[in-house]
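Residues per chain are reported as follows:
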Amino acid sequence: MSDQLAPSALQGAPFRIPAPNETALFTPDPKLLEAQHVVAFSNRHLASRPFSLLRSQVVKRMAAGGHRIIGVTSPAPGAGKSFLTANLAATLSRLPGKQVLVFDLDIRRASLAQNFGLVGEAGLERFLAGETDDLRKIGRHVEGTNLTLYPCYSNDLDSMPLLAGDRFDRFVKALRTLDEDTIILFDMPPVFANDDAMVIAGHVDAYLMVIEQGRTNQKQVTDSIRLLDPAECLGSVLNRYDGGVTDPYGYSYGGYGKYTDYFSKED
Ligand SMILES: Nc1ncnc2c1ncn2[C@@H]1O[C@H](COP(=O)(O)OP(=O)(O)O)[C@@H](O)[C@H]1O
Ligand SMILES: [Mg+2]
């Protein structure tokens, strides 16, 4: 049976998650990564340190809980979910023997492609919409790393039917058949935007809650955790984001200086 069959011919069949070397190789531009604040591929980068510390905590808790799939969310948009996902993925991908897969599930505000400088037209949104079953065409393996990215590209799809249906269920089931050394990250939508985060939370093993210093308040955090219940909060990450958005030359490293990793869990 050809794996190029039309999606309709494969209805109900299990999805196949490609091995990293089955997806196209992609070499990110270091300057672009820097401009996008994706710093954690190298432990020589000063700004990568908080991510290495976070990595240890995440790996420890994932092992303790037998977790495979971790979501990253926040109460409101712009808190730094994608920033954290990209850097956590980069730092995790330096662990020997691990494969890291990142899926952009913030379908309406997708930014993984932008964060890594990926250009394309058909991304994960096309797979989720049922237009293709072939994830090999969507995944991009970052050269020289253990990281594979599944970006979403700009679209005006209604995200809810893409996440709430049987197809998404089957997709997550397929992810769970992967080797146990695979770490899967979902870049999630914010909790207060719509129901998407709640639906996705029903499929992850645990999630990280990004808290934006000075913007996210305690009630937003407790309300978000309540809304995502019974999904497990693996911990929260305080992102002291200083909002250099108006700087036309990008962000200064001061921005990272204000990034504090803060990992707390109500035990
Ligand atoms: N600690 C930080 N230092 C510098 N820039 C940051 C930091 N956190 C977030 N940003 C930047 O802020 C913008 C919004 O963050 P992003 O991760 O896209 O938010 P979200 O995914 O939660 O909507 C992005 O341009 C990102 O690079
Ligand atoms: Mg985002």
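Everything below is about the structure printed above this text.
Residues numbered from 1 in each chain as written. Chains lettered and ligands numbered in written order. Predicted model: local features only at pLDDT ≥ 70, side-chain atom pairs only at ≥ 80, totals over all residues.

We now examine the environment of Leu 149. With respect to the helices, strands and loops of the structure, Leu 149 is situated in strand β5 (residues 147–150). Among the residues examined, Leu 149 registers 28 C-beta atoms within 10 Å and is labelled buried. Remark: the alpha-carbon pair of Leu 149 and Ala 113, spanning 36 residues in sequence, is separated by 8.4 Å. Aside from chain neighbours lying at most four places away, what touches Leu 149 is Val 102, Leu 112, Phe 116, Leu 118, Gly 139, Arg 140 and Val 142. (Helix = DSSP H or I, 4+ residues; strand = E, 2+ residues; numbered from the N terminus. Buried ≥ 20, exposed ≤ 12 C-beta atoms within 10 Å, placed from the backbone. Contact = placed C-beta atoms within 7 Å.)

The next point concerns helix α3 (residues 81–92). An α-helical turn contains 3.6 residues, so a residue and the one three or four places further along point in the same direction. Spanning twelve residues, α3 covers 16 Å between terminal C-alpha atoms, matching the ideal 16 Å at 1.5 Å per step. Counting buried residues in α3 gives twelve out of twelve residues, a clear majority hidden from the surface. Three or more residues of α3 are buried, namely Lys 81, Ser 82, Phe 83, Leu 84, Thr 85, Ala 86, Asn 87, Leu 88, Ala 89, Ala 90, Thr 91 and Leu 92. (Expected span 1.5 Å × (residues − 1).)

Among soluble globular proteins, nonpolar side chains are generally buried collectively. In terms of nonpolar packing, the biggest core is built from 65 residues, with Ile 70, Ala 89, Val 102, Leu 185, Phe 186, Val 204 and Tyr 207 touching the most fellow members. Ranked by residues supplied to this core, first place goes to α3 with seven residues. Setting aside residues up to four positions removed in sequence, Phe 186 forms contacts with Ile 69, Gly 71, Val 72, Phe 103, Leu 105, Ile 200 and Val 204. (Core = buried A, V, L, I, M, F, W, Y, C linked by C-beta atoms within 7 Å.)

The next subject is the packing of helix α2 (residues 49–65) against α3. Packed helix pairs are specified by the crossing angle of their axes together with the interaxial distance, meaning the distance between the axes. Direction vectors running N to C along α2 and α3 enclose 75°, while the axes themselves pass 9 Å from each other. Classified by the angle between their axes, α2 and α3 sit roughly perpendicular to one another. From α2, Phe 51, Ser 52, Leu 54, Arg 55 and Val 58 reach across to α3, where they touch Asn 87, Leu 88, Thr 91 and Leu 92. Looking at the contact of α2 with α3, its residues break down into five nonpolar, three polar and one charged. (Axes fitted to C-alpha atoms, helices over the stretch in contact; angles between N-to-C directions. Parallel < 35°, antiparallel > 145°, perpendicular 65-115°, else oblique. Nonpolar A, V, L, I, M, F, W, Y, C, P; charged D, E, K, R; others polar.)

Another point: the environment of Ala 231. Its location among the elements puts Ala 231 in the loop between α9 (218–228) and β8 (233–239). Using a count of 20 C-beta atoms within 10 Å as the deciding quantity, one classes Ala 231 as buried. On a C-alpha basis, the gap between Ala 231 and Met 198 in space is 8.9 Å, while along the polypeptide they are 33 residues apart. The contacts of Ala 231, once residues within four sequence positions are left out, are Ala 201, Gly 202, Val 204, Ala 206 and Tyr 207.

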